[in-house]
Amino acid sequence: MWGSFEIQNHRLAKMMMTQYSRLNLYKNVELFDYVSSQYSKLPLKFMSFHGQETVQNVLKTMSNAVVLHDIKHIVIDNLQFMIGNQFSGSLDRFAQQDYIIGSFRRFATNFNCHVTIVIHPKKEDSDELLKISSIFGSAKAAQEADNILILQEHKTAKEKKNTWIKFIEVCKNRYDGDLGKMLVKFDKENLCFSTSKSVNNGPEPIVVDALTDLNNLNNNFNLLKENC
């Protein structure tokens, strides 16, 4: 289940459909209905919140989703949208964040549900790589997390030109222990981050099926025209 407080659900779903099909649907409008039909069969749920929301309302929605729909993984994007609009003036932003992180940690443990939380980093020198200490707020977010993944962007000099490379860094892995980095590349056509080995692998199988169906329909239509 997605809890997207920054991006409205219809925009998020449109982006996900592009990622799901690995096609620019603006350029493949004839496939939209087919992709939409297949995408709607996925076991995905969306929270109806947009903008700032209290953590109590979010936790209530998450609890209902787990009980009624057997949700196993919840994504919260992002933490900053739950800070500032529900606490008394005696709590600073760091104390508020600690309370929210603790609440999500208890929820994940009590309901045996994986919770992924997006947290924006602190403002840092663009030439420096992000670290666990770059996570906004206090150390509680890093302490409570089982896994921490950071999307890094690094400037390199290549052929006298500055180029930016992106990679995902696993900075914490509580149960397995393996850490590392994986180079990724963003494809503007399908809005996906992919490893170098998987970039430009073409459309998903569902799209290939749809194209085959369209070709068969066109062939049948042409046969009918010839026989009339």
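Placed above this text is the structure.
Residues numbered from 1 in each chain as written. Predicted model: local features only at pLDDT ≥ 70, side-chain atom pairs only at ≥ 80, totals over all residues. Heavy atoms only, no water.

**Q** Mind laying out the overall build of the chain, listing which residues take part and the relevant values?
**A** Secondary structure summary: the chain contains six helices and seven strands in total. From first element to last, N terminus to C terminus, the chain shows the α and β order β-α-α-α-β-α-β-α-β-β-β-β-α. Evaluated residue by residue, the chain yields a buried proportion of 33% over its 228 residues. Residue pairs at least 24 apart in sequence account for 57% of intrachain contacts in the chain once pairs closer than 6 positions are excluded. Total accessible area on the chain stands at roughly 14,700 Å², and carbon and sulfur atoms take up 54% of it. (Helix = DSSP H or I, 4+ residues; strand = E, 2+ residues; numbered from the N terminus. Buried < 20%, exposed > 50% of the residue type's maximum accessible area, 1.4 Å probe, protein only. Contact = heavy atoms within 4.5 Å. Areas by Shrake-Rupley, 256 points an atom, 1.4 Å probe, with all protein chains shown as cover.)

**Q** Give me the pairing of strand β6 (residues 180–187): which residues, what numbers.
**A** Consecutive residues of a regular strand have side chains that alternate between opposite faces of the sheet. By the bridge criterion, three bridges tie β6 to strand β7 (residues 192–194) in an arrangement that is antiparallel. Bridge pairing in β7 places Asp 187 opposite Cys 192. In this antiparallel pair of consecutive strands, β6 and β7, the connection spans four residues, and Leu 191 shows a positive phi of 60 degrees. (Pairing = 2+ DSSP bridges.)

**Q** How would you sum up the packing of helix α1 (residues 9–21) against helix α2 (residues 32–39)? Please name residues and give values.
**A** Across the interface, α1 lies against α2 with an axial gap of 10 Å and an inter-helix angle of 100 degrees. Taken as axis vectors, α1 and α2 run roughly perpendicular relative to one another. Contact residues: Ala 13, Met 16, Met 17, Tyr 20 and Ser 21 in α1; Phe 32, Val 35, Ser 36, Gln 38 and Tyr 39 in α2. Residues belonging to the contact of α1 with α2 are distributed by class as follows: seven nonpolar, three polar and no charged. (Axes fitted to C-alpha atoms, helices over the stretch in contact; angles between N-to-C directions. Parallel < 35°, antiparallel > 145°, perpendicular 65-115°, else oblique. Nonpolar A, V, L, I, M, F, W, Y, C, P; charged D, E, K, R; others polar.)

**Q** Account for unusual backbone geometry, naming residues and giving values.
**A** With an omega of 10 degrees, the peptide bond running from Asp 77 to Asn 78 counts as cis. When you line up the elements, Asn 78 lands in the loop between β2 (73–77) and α4 (93–111). The phi torsion at Asp 70 lies on the positive side, around 55 degrees, for a residue other than glycine. Within the secondary structure, Asp 70 sits in the loop between α3 (55–69) and β2. By relative accessible area, Asp 70 is classed as partly exposed at 49%.

**Q** Now, about the packing of α3 against α4: what can you tell me, with residues and values included?
**A** Where α3 meets α4, the axes come as close as 11 Å, and the angle between the chain directions of the two elements is 10 degrees. Taken together, α3 and α4 sit at an angle that is classed as roughly parallel. Touching Val 55, Gln 56, Val 58, Leu 59, Met 62, Ser 63, Val 66 and Val 67 of α3 are Tyr 99, Ile 100, Ser 103, Phe 104, Phe 107 and Phe 111, all from α4. Grouping the amino acids of the contact of α3 with α4 by side-chain chemistry returns eleven nonpolar, three polar and no charged.

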